[in-house]
Amino acid sequence: MIPPPIDLQRRVALDLARAHGVPLVTPDSPSALREAVALLVAAVSPRTYAEVAAGTSFYVPRLASKVAGLIPAAVIPRLVSTLLDVAGIDLPATGVVLLSRPAWDRSPLATWSHECGHYQQDARVSAGGVVASTMWGLGYLVHDDVEAWEEGRCRVNDLVGLVVIDGVPVDDALASARAGVEAYSLDATARVLYLAALDSAAASLRAGELPGEGTEIHHALRALVASGDWDAGPWTAAIDGERKTVTP
Ligand SMILES: [Zn+2]
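Numbers given for residues are sequential positions, taken from 1 along each chain in its written order. Predicted model: local features are reported for residues with pLDDT of at least 70 only, side-chain atom pairs are reported and counted for 80 or more only, and whole-chain, interface and lining totals are derived from all residues.

> An account of the overall build of the chain is needed here, citing residue identities and associated values.
A tally of helices and strands in the chain yields 14 helices and three strands. Radius of gyration here uses only the C-alpha atoms, and the compact-globule reference equals 2.2 Å multiplied by the residue count raised to the power 0.38. What you see for the chain is a C-alpha radius of gyration of 18 Å, in line with the 18 Å of a compact globule of 248 residues. Projected onto its principal axes, the C-alpha coordinates of the chain cover approximately 50 × 40 × 35 Å. In the chain, buried positions account for 42% of the 248 residues. C-beta atoms are first placed from the backbone for all residues, and any pair lying within 7 Å is then listed as a contact. Taking contacts inside the chain between residues at least 6 apart in sequence as the whole, the part at least 24 apart equals 73%. Think of it this way: any DSSP run of H or I at least four residues long counts as a helix, any run of E at least two long counts as a strand, and we number them from the N terminus. The exposure scheme places C-beta atoms from the backbone and then counts, for each residue, the other C-beta atoms within 10 Å of its own, assigning buried at 20 or more, exposed at 12 or fewer, and partly exposed in between.

Next up, the structure:
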């Protein structure tokens, strides 16, 4: 099986972001805008500007503008707000996804799907009202355990991408995804949750199935196949399977 061309993956990622209505800032976006979003991530999260500039992909939740106001040291610079305005990004309405250069060059679709997972969670908790939304937004941005809880779920997108898009054997992909847990300082419970999500997804992949239902990586794979420019080989049936389930 030949992986889909990176250009095709990028095109599908941009199409999906447009369909979701969430701005996707990539290395091809104007540098001032990338700079603004990187500053924003550094202002509202434990990430430093140097880390973000060196290659971090990130979803900035809709409430980040308010969250920043709650953290005394973190004030979104006026320049950032202005740049977001100029780019037509209404942060409180949509959030924004930032994709790093390494992700855009090597795994644009899987990393988009990962960040979209955070966006979708943001949309879900927003439906629960401002308290739920603020609790999640704050937790996601500043608390390791909440972030890890989220990451275990979203990391499944990367795992599926490694196996189905890049053709990496499941065990190798799982080892790589599991190693991600070391990036967080987790208590035992959070660590178990993070790893369990990945182990369960790997079991599905070994059985030739895609884990979960309605995940963004599954939408992305369907879009790749629908483009007519990629043969999913042994995964064709599994990718097609959800379409029959979701749209009878
Ligand atoms: Zn994430």
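> Residues and numbers for the nonpolar core, please.
In terms of nonpolar packing, the biggest core is built from 69 residues, with Val37, Val60, Val97 and Leu159 touching the most fellow members. Sorting elements by how many residues they give to this core places helix α10 (residues 144–165) first, with 10 residues. Ignoring sequence-local partners within four residues, the contact set of valine 97 consists of Ala17, Val22, Pro23, Leu24, Val25, Tyr59, Glu115 and Tyr119. Here, a nonpolar core denotes buried Ala, Val, Leu, Ile, Met, Phe, Trp, Tyr and Cys residues that are linked to one another through C-beta atoms within 7 Å.

> Residue-level account of the sheet that holds strand β1 (residues 24–25), with values.
Whether parallel or antiparallel, the strands of a sheet pair through hydrogen bonds between backbone atoms. Paired strands, in this sense, are two strands between which DSSP finds at least two bridges. One open sheet accounts for three strands, arranged β1-β3-β2; its pairing is mixed. Each edge of the sheet is formed by a strand with only one pairing partner; in this case those strands are β1 and β2 (58–60). Both β2 and strand β3 (residues 96–98) contribute to a ladder of three bridges, which runs antiparallel. For tyrosine 59, the partnering residue across the bridge sits in β3 and is valine 97.

> A description of helix α12 (residues 188–206) should follow, citing residues and the corresponding values.
Residues spaced three or four apart along an α-helix face the same direction, because each turn holds 3.6 residues. Under the convention used throughout, the expected extent of a helix is 1.5 Å for every residue step, that is, one less than its residue count. With 19 residues, α12 should reach 27 Å at 1.5 Å per residue; the first-to-last C-alpha distance of 27 Å fits that figure. Restricting attention to buried positions, one finds in α12 the residues Ala190, Tyr194, Ala197, Leu198, Ala201, Ala202 and Leu205. Projected down its long axis, α12 carries its buried residues within an arc of 130°, all on one side. Residues of α12 that are exposed and point more than 90 degrees away from the buried face comprise Ala188, Thr189 and Ala196. When we speak of the arc, we mean the arc of directions from the helix axis to the C-beta atoms.

> So what about helix α9 (residues 130–142)? Which residues, and what values?
For α9, built from 13 residues, the straight-helix expectation of 18 Å at 1.5 Å per residue is met to within 8% by its first-to-last C-alpha distance of 18 Å. Residues of α9 that are buried: Ser133, Trp136, Gly137, Tyr140 and Leu141. Taken down its axis, α9 places every buried residue within 120° of arc, on the same side.

> Explain the confidence of the model for the chain residue by residue, including any values.
When the pLDDT values of the chain are averaged, the result is 85; 90% of them are 70 or greater. Averaged over each element, pLDDT in the chain is lowest for helix α4 (residues 64–70) (60) and highest for helix α1 (residues 6–20) (97). Counting contacts from residues 242–248, a segment whose pLDDT is below 50, to residues more than four positions away or on other chains yields five contacts. Confidence per residue, as judged by the predictor, is encoded in pLDDT with a range of 0 to 100.

> Tell me about the packing of α1 against helix α13 (residues 216–226), residues and numbers included.
One way to put it is that α1 packs onto α13 with a least axis distance of 10 Å and a crossing angle of 120°. With respect to each other, α1 and α13 are oriented oblique. As for how α1 packs across α13, the hand of that crossing is right-handed. Facing Leu8, Val12, Asp15 and Leu16 of α1, the residues of α13 in contact are His219, Ala220, Ala223 and Leu224. For the contact of α1 with α13, the residue count by class is six nonpolar, one polar and one charged. Inter-axis angles, ranging from 0 to 180 degrees, are taken between N-to-C directions of lines fitted to C-alpha atoms, where helices are fitted over the stretch in contact. Each angle is binned into one of four classes, with values under 35 degrees roughly parallel, values over 145 roughly antiparallel, values of 65 to 115 roughly perpendicular, and all other values oblique. When the near helix sits turned anticlockwise from the far one by under a right angle, the crossing is termed left-handed; a clockwise turn instead gives a right-handed crossing. Each residue gets one label: Ala, Val, Leu, Ile, Met, Phe, Trp, Tyr, Cys and Pro are nonpolar, Asp, Glu, Lys and Arg are charged, and the others, such as Gly, are polar.

> So what about the environment of valine 22? Which residues, and what values?
Looking at the element boundaries, valine 22 is found in the loop between α1 and β1. Overall, valine 22 belongs to the buried group, with 23 C-beta atoms counted inside 10 Å. For the pair valine 22 and proline 211, spaced 189 residues apart in sequence, the C-alpha to C-alpha distance is 24 Å. The contacts of valine 22, once residues within four sequence positions are left out, are Ala17, Thr94, Gly95, Val96, Val97 and Tyr119.

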